[in-house]
Amino acid sequence: MVSSLIAIHAFLGEAGIIAFIWVFIELLNPSKERVNRAKFAALLGTIFFLLSWLSGGYYYVQDYGVNVKPVIKEGPQPWAHSIFTETKEHVFLFLPFLAILTLSILKKYDKDLLKNNNTKKAILYLCIIIVIIGALMAGMGYLISTGYRTALEAGA
Amino acid sequence: MKNIKSMSISTIIIIIITVILTIWADLSKPLKDFLASLSGHHWVTKSLIAIILFIFLNFILSKSINQEKNVFHEVKKVIWTTVIGIITISGFYILHYLI
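Owing to the predicted nature of the structure, the values given are computational and were not obtained by experimental measurement.

Q: Even after reading the chapter, I still don't get the overall build of chain B, so can you show me in this structure?
A: A count of helices and strands for chain B gives 4 helices and 0 strands. By its C-alpha atoms, chain B is 45 × 30 × 15 Å across when sized along the principal axes. In chain B, which comprises 99 residues, the share counted as buried stands at 47%. Considering only residue pairs separated by 6 or more positions, chain B has 73% of its internal contacts joining residues 24 or more positions apart. As displayed, chain B offers around 5400 Å² of accessible surface, 74% of which is attributable to carbon and sulfur atoms. Across chain B, 9 positive and 4 negative side-chain charges occur, with their mean positions spaced 8 Å apart.

Right, here's the structure in full:
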């Protein structure tokens, strides 16, 4: 149960990242069809991040604090929790709101995107920061898992 | 959800409040316990505060703020706030662990 929730959380998060990479690519050289696909991709990405928030949050509250955190803190890499879990759980909160903002700009300025370079740049920059944060989340998730595995191997 | 300026300001405020609450609650056990008492877990309370405040602020601000013509100008502020928020939270936890 624990590992399946982590897998679902990670899958949804990574699917969200891919969706915003898709938005970025579609808008590099926008046309009416590409903007429509970008809107669809941004909607998918936003839904993926919201579901990742729910699944990760449920796991974090129900399982992580009780079963995983104490083991990591007793193991050889306590910083995996003290730095990376703490940072990840709070920085993640930025992500759904940035995704909603991106989706809203795309929906409101879909026609403007074809002629206004500044609007296009705004969405491209938002996609870049979303993908960077998403990649940071994935990287931190890996370090936390490593901290847990190392602790188990050390018999913590 | 159509006024992008009000959405950008709401996003900026949510990020700032998340950063402040995160650091403050980590330094003050009574605040962390209070947040936990509201929903059962401090992180859930922070999440709920962010959601409720985002909807509320966006609703209020969209009625009082005019639509921004230059979206990029608004987005730049959001991105800088995000970057500073990430550096502040990660920097805080690195220092908190080391000291």
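Q: Got a minute to help me understand the packing of helix H2 (residues 32-74) of chain A against helix H4 (residues 94-108) of chain A in this structure?
A: To characterise two packed helices, one gives the angle between the axes of the helices and the distance between these axes. Residues and elements named next belong to chain A. Between H2 and H4, the shortest axis-to-axis distance is 9 Å and the interhelical angle comes to 160 degrees. What the angle tells us is that H2 and H4 run roughly antiparallel. The handedness of the crossing between H2 and H4 is left-handed. Counting all contacts with H2, which are made through Ala-38, Lys-39, Ala-42, Leu-43, Thr-46, Phe-49, Leu-50 and Trp-53, the residues of H4 involved are Leu-95, Pro-96, Phe-97, Ala-99, Ile-100, Leu-103, Leu-106 and Lys-107.

Q: What is the right way to read the confidence of the model for chain A from this model?
A: As a note on interpretation, predicted positions should not be read in detail where pLDDT is low. For chain A, mean pLDDT is 94; residues scoring 70 or higher make up 97% of the total. The least confident element of chain A is helix H1 (residues 2-28) of chain A, whose mean pLDDT is 93; the most confident is helix H3 (residues 79-91) of chain A, at 97.

Q: Which parts of the structure should I look at to understand empty space enclosed by the protein?
A: Once rolled over the atoms, a probe with the size of a water molecule shows which space is left empty. All names here are of chain B. The tally for this structure, following the rule as stated, stands at 1 cavity of 30 Å³ or more. Roughly 60 Å³ of volume is contained in the largest cavity. Those elements that place two or more of their residues in the lining of the largest cavity are helix H1 (4-27) and helix H3 (42-64).

What counts, and at which threshold
- Residues numbered from 1 in each chain as written.
- Chains lettered and ligands numbered in written order.
- Predicted model: local features only at pLDDT ≥ 70, side-chain atom pairs only at ≥ 80, totals over all residues.
- Heavy atoms only, no water.
- Helix = DSSP H or I, 4+ residues; strand = E, 2+ residues; numbered from the N terminus.
- Buried < 20%, exposed > 50% of the residue type's maximum accessible area, 1.4 Å probe, protein only.
- Contact = heavy atoms within 4.5 Å.
- Areas by Shrake-Rupley, 256 points an atom, 1.4 Å probe, with all protein chains shown as cover.
- Lys, Arg positive; Asp, Glu negative; His and termini not counted.
- Charge placed at Lys NZ, Arg CZ, Asp CG, Glu CD.
- Axes fitted to C-alpha atoms, helices over the stretch in contact; angles between N-to-C directions.
- Parallel < 35°, antiparallel > 145°, perpendicular 65-115°, else oblique.
- Left-handed = near helix turned anticlockwise from the far one by under 90°.
- pLDDT = per-residue confidence, 0-100.
- 1 Å grid on protein atoms, 1.4 Å probe; cavity = no way out; pocket = protein on both sides within 12 Å on 5 of 7 lines; lining within 4 Å.
- Points joined across faces, edges and corners; volume = space filled by probe spheres on them.

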